[in-house]
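Structure assessment
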Amino acid sequence: MSKRLIADLASGALTEALADIAEDAARVILPYWRTGVVAESKADDSPVTRADQEAEALILARLANLYPGVQTVAEEAVAADGAPASADEWFWLIDPLDGTRGFVEGREAFTVNIALIHKGSPVAGVVTAPATATTWRSAAPGGGAFRRRFGDVWQAIKVRNRPASPLAVMSHSMNDVEAERLASRHGCVQWQGMDSSLKFCLIAEGRFDAYPRTGPTSEWDTAAGQAVLEAAGGRVMAEDGQPMRYGKPGFGNGGFVALGG
């Protein structure tokens, strides 16, 4: 592995660079938002637009230039060519436009996700919300998590202590009965539906307390958000109660729960 990648991870420069890339991808995406952009269906019936494809092309080119030789696992490339047979010790997980359905419908909660995985764990991650011009990132290992509006300085964020009436944030795809059941399982008295990896970031900055998920997701949907949330003091646990791991066969996730303080 390149010395530059290791050095930049240790210093925090890596997620600074990833934030710039994600924000540039956001600038590619935004001209398509709320313009009647048409989505096509992929083999798994999930939607894809030109915004997804162009943002992914930008991210892949920039990562290859900065950190050549690192394996990439990116949503649209996997949809077109299939998933790699296995994961390297170090690899990128990339979702150029997480929450495409909401994006096509004009909602705000869509994100750009870039994560670096080492030996199955997300060691660096950036999530950008183009509609609100906001980015979240993990810092150097042990250095916490940060948020900024585009062009502003970084502000430290952390999970909140669990309040007397915890709040859950849930996938928009869940029906009310299932959402209420899952929320109550984790002691939450209220819940709110939302698209994309933004859910991890809102827990990381102390606005919500839990995000339980039973339905399947792909690893690129969750890795960057997990990196941010863990850096902010939270946890993401798989169904076996262990931290959620990456590089699984097919790069798919089972159920999990993301928790704050």
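Above this text you will find the structure in question.
So, how was this worked out
Just so you know, the residues in each chain are numbered from 1, in the order the chain's sequence is written. Where totals are concerned, whole chains, interfaces and linings use all residues; where local detail is concerned, this predicted model gives features only for residues with pLDDT of at least 70, and gives and counts side-chain atom pairs only at 80 or more. Excluded from the side-chain calculation are hydrogens and water; included are all heavy atoms of the structure. Strands here are runs of E lasting at least two residues and helices are runs of H or I lasting at least four, both read from the DSSP assignment and numbered beginning at the N terminus. All radius of gyration figures rest on C-alpha atoms, and the globule criterion is 2.2 Å times the number of residues raised to 0.38. Under the scheme applied here, a residue whose accessible area is under 20% of the maximum for its type counts as buried, over 50% as exposed, and between as partly exposed, the area being computed with a 1.4 Å probe on protein chains only. Shrake-Rupley sampling with a 1.4 Å probe provides the accessible areas, and residues are treated as covered by the protein chains on show and by no other component. Only four residue types enter the tally: Lys and Arg on the positive side, Asp and Glu on the negative side; His and the chain ends are excluded. To locate a charge, take atom NZ for lysine, CZ for arginine, CG for aspartate or CD for glutamate. The criterion is simple. A nonpolar core is a set of buried Ala, Val, Leu, Ile, Met, Phe, Trp, Tyr and Cys residues joined through side-chain atoms within 4.5 Å. Should any heavy atoms of two residues lie within 4.5 Å, those residues are considered in contact. Strand pairing is assigned whenever DSSP detects at least two bridges linking the two strands. Fitted lines through C-alpha atoms serve as axes, helices being fitted only where they are in contact, and the angles separating the N-to-C directions of these axes extend from 0 to 180 degrees. Expected span, for any helix, means 1.5 Å times one less than how many residues it has. Two N or O atoms form a polar contact when they lie within 3.5 Å of each other; inside protein one atom must be a possible hydrogen donor and the other a possible acceptor, and for residues adjacent in sequence the pair counts only when both atoms belong to side chains. The arc refers to the directions leading from the helix axis to the C-beta atoms.

1. Overview of the overall build of the protein
Scanning the protein from terminus to terminus reveals 8 helices and 16 strands. Its C-alpha radius of gyration of 17 Å places the protein within 12% of the 18 Å reference for a compact globule of 261 residues. Counting every position in the protein, which comprises 261 residues, the buried fraction comes to 53%. Total accessible area on the protein stands at roughly 11,200 Å², and carbon and sulfur atoms take up 50% of it. Separation between the mean location of the 25 positive side-chain charges and that of the 32 negative ones in the protein comes to 6 Å.

2. A short note on the nonpolar core
Judged by nonpolar contacts, the single largest core of 35 residues is most densely connected at Leu93, Trp136 and Leu229. In terms of residues, this core owes the most to one element, helix H7 (residues 198–204), which gives 6 residues. Look past the residues within four positions of tryptophan 136 in its chain and what remains in contact with it is Gly125, Val126, Val127, Ala129, Phe146, Arg147, Ile157, Leu198, Cys201, Glu205 and Val228. Counting 33 residues, the second largest nonpolar core, distinct from the first, contains Tyr32, Leu66, Leu97 and Ala124.

3. Some thoughts on the sheet that holds strand E5 (residues 111–118)
Within the open sheet, the 7 strands sit side by side as E3-E4-E5-E6-E7-E8-E9. Their pairing is mixed. Strand pairing shows two members of the sheet lacking a second neighbour, strand E3 (71–74) and strand E9 (155–157), which therefore form its edges. On average, each strand axis in the sheet is inclined to that of its neighbour by 20 degrees, with strand direction left out of account. Contacts from helix H2 (residues 13–29) reach strand E4 (90–98), E5, strand E6 (121–129), strand E7 (134–138) and strand E8 (145–149) within the one sheet, and its direction differs from that of E6 by about 35 degrees. Across the face of the sheet, helix H3 (residues 50–66) comes into contact with E3, E4 and E5 while running at roughly 150 degrees to E4.

4. Details of H2
With 17 residues, H2 ought to run about 24 Å at 1.5 Å a step, and its terminal C-alpha atoms sit 25 Å apart, in line with that. Restricting attention to buried positions, one finds in H2 the residues Leu14, Thr15, Ala17, Leu18, Ala19, Ile21, Ala22, Glu23, Ala25, Ala26 and Ile29.

5. Section: unusual backbone geometry
The phi angle at arginine 34 is positive, at roughly 55 degrees, despite the residue not being glycine. Within the fold, arginine 34 resides in the loop between H2 and strand E1 (40–41). One non-glycine residue with positive phi stands out, namely phenylalanine 251, at about 55 degrees. Here phenylalanine 251 shows up in the loop between strand E14 (235–238) and strand E15 (252–253).

6. So, the side chain of aspartate 95
Its location among the elements puts aspartate 95 in strand E4. Since its relative accessible area comes to 1%, aspartate 95 is described here as buried. Polar side-chain contacts of aspartate 95 include one of 3.2 Å to the backbone nitrogen of leucine 97. Once residues within four sequence positions are removed from consideration, aspartate 95 is found in contact with Glu75, Thr111, Val112, Asn113, Trp220 and Asp221.

7. Side note on the side chain of serine 196
Mapped onto the elements, serine 196 comes out in the loop between strand E11 (190–194) and H7. We classify serine 196 as buried; its relative accessible area is 9%.

8. A few points about helix H1 (residues 3–11)
Taken together, the buried positions of H1 are Leu5, Asp8 and Leu9. End-on view of H1: buried residues confined to an arc of 105 degrees, all on one side of the axis. Looking at H1, the residues exposed on the side facing more than 90 degrees away from the buried face are Lys3, Ala10 and Ser11. Against the buried residues of H1 lie H2, E4, E5 and E6. Positive phi shows up at glycine 12, right after H1, with a value of about 90 degrees.

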